[in-house]
Amino acid sequence: LTERPRLFLYRHVADAAFAFDAGAVTEQLWDYVEAANSSCRHRAVAPPVDGLWGLAVYAYLAAALQWRREHPAAGDALAIPLRILWEHKGLMARRLAFLEGGGFVDPALALSGRARRLAADAQRLRLVLLRGAAERRPEAIAAAIDGLSCLAVAECDLLGDTLDRRAAPRRAAPACAA
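First, a word on scope: everything that follows refers to the structure included in this document. In this text, all values refer to a predicted model and were calculated from it rather than measured experimentally.

Parameters at a glance
- Residues numbered from 1 in each chain as written.
- Predicted model: local features only at pLDDT ≥ 70, side-chain atom pairs only at ≥ 80, totals over all residues.
- Heavy atoms only, no water.
- Helix = DSSP H or I, 4+ residues; strand = E, 2+ residues; numbered from the N terminus.
- Buried < 20%, exposed > 50% of the residue type's maximum accessible area, 1.4 Å probe, protein only.
- Contact = heavy atoms within 4.5 Å.
- Areas by Shrake-Rupley, 256 points an atom, 1.4 Å probe, with all protein chains shown as cover.
- Salt bridge = Lys/Arg side-chain N within 4 Å of Asp/Glu carboxyl O.
- Phe/Tyr/Trp six-rings, centres within 6.5 Å; stacked < 30°, edge-to-face > 60°.
- Expected span 1.5 Å × (residues − 1).

## A look at the overall build of the protein
Okay, so step 1: Along its length, the protein carries five helices and zero strands.
Okay, so step 2: The secondary structure elements of the protein, listed N-terminal to C-terminal, are α-α-α-α-α.
Okay, so step 3: Considering the protein as a whole, with its 178 residues, one finds that 33% of them fall into the buried category.
Okay, so step 4: Counting only contacts in the protein whose residues sit at least 6 apart along the sequence, the fraction spanning at least 24 positions is 68%.
Okay, so step 5: Total accessible area on the protein stands at roughly 11,100 Å², and carbon and sulfur atoms take up 58% of it.

Okay, structure coming up:
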């Protein structure tokens, strides 16, 4: 676990207009829940990349936390991945609010509110680790592993509910055949 995974960011094109594609969003949600390599969906514009996708990042983060717990002198290499996790949960909340506002999911389900609570939980998890590292409290890592597990379950439940409410049957997973 000494090698960090690469992170790919896509730039928003502010001056371009795109039609909202609810089907594509549904496919991406399925990819995320099933930890499918969604870069394969964009292989016409960029080569697919290997890595961890969707909910699979939780297992990686839990293993990295456990490794950190077993190697306390190794330093803290998790501050950035946990910040990205927190930011990702915040973006997920904004996406769900967009879906609610556009009538793609029922606002009465309060999915975006649940996602905002997940983002707050991810931020607390991050702060527990940062404070624990600063104060040299190894028990903070155990608390973070437990918190990460709860966060993964809650996110899986939230996204499952979102897909259920969209009555979204799974389409074919992306294939990365060369």
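Moving on from the model shown.
## Points about the pattern of salt bridges
Okay, so step 1: Across all of its chains, the model carries six salt bridges by this definition.
Okay, so step 2: Across the salt bridge formed by R41 and D31, the nearest N and O atoms sit 2.6 Å from each other. A residue pair is termed long-range when its members are at least 10 positions apart, and R41 in the loop between α1 (22-34) and α2 (56-70) and D31 in helix α1 qualify at 10 residues.
Okay, so step 3: E155 is paired through a salt bridge with K89; the nearest N and O atoms lie 2.9 Å apart. With E155 in helix α5 (residues 139-165) and K89 in helix α3 (residues 79-101), the pair connects residues that are 66 residues apart, well separated along the chain. Across the pair, K89 and E155 agree in class, each one buried.
Okay, so step 4: Overlapping salt bridges bring together E27, D31 and R41 as one network.

## Overview of the environment of G51
Okay, so step 1: When you line up the elements, G51 lands in the loop between α1 and α2.
Okay, so step 2: Here the alpha-carbon distance between G51 and S39, two residues 12 residues apart in the chain, equals 9.7 Å.

## Some thoughts on the packing of aromatic side chains
Okay, so step 1: Evaluated as defined, the whole model comprises two aromatic pairs.
Okay, so step 2: Taking 4.5 Å as the distance between ring centres and 50° as the angle between the ring planes, the aromatic pair formed by F20 and F104 counts as tilted. Pair noted here: F20 is in the segment before α1 and F104 is in the loop between α3 and α4 (111-134), with a separation of 84 residues, a long-range link.
Okay, so step 3: On the accessibility criterion, F20 (35% relative accessible area) is partly exposed.

## Re α1
Okay, so step 1: Over its 13 residues, α1 extends 18 Å from the first C-alpha to the last, a length consistent with the 18 Å expected when each residue adds 1.5 Å.
Okay, so step 2: Of the positions making up α1, those classed as buried are A22, G23, T26, E27, L29, W30, D31 and Y32.
Okay, so step 3: Buried residues in α1 make contact with α3 and α5.
Okay, so step 4: At the C-terminal side of α1, A35 shows a positive phi close to 55°.

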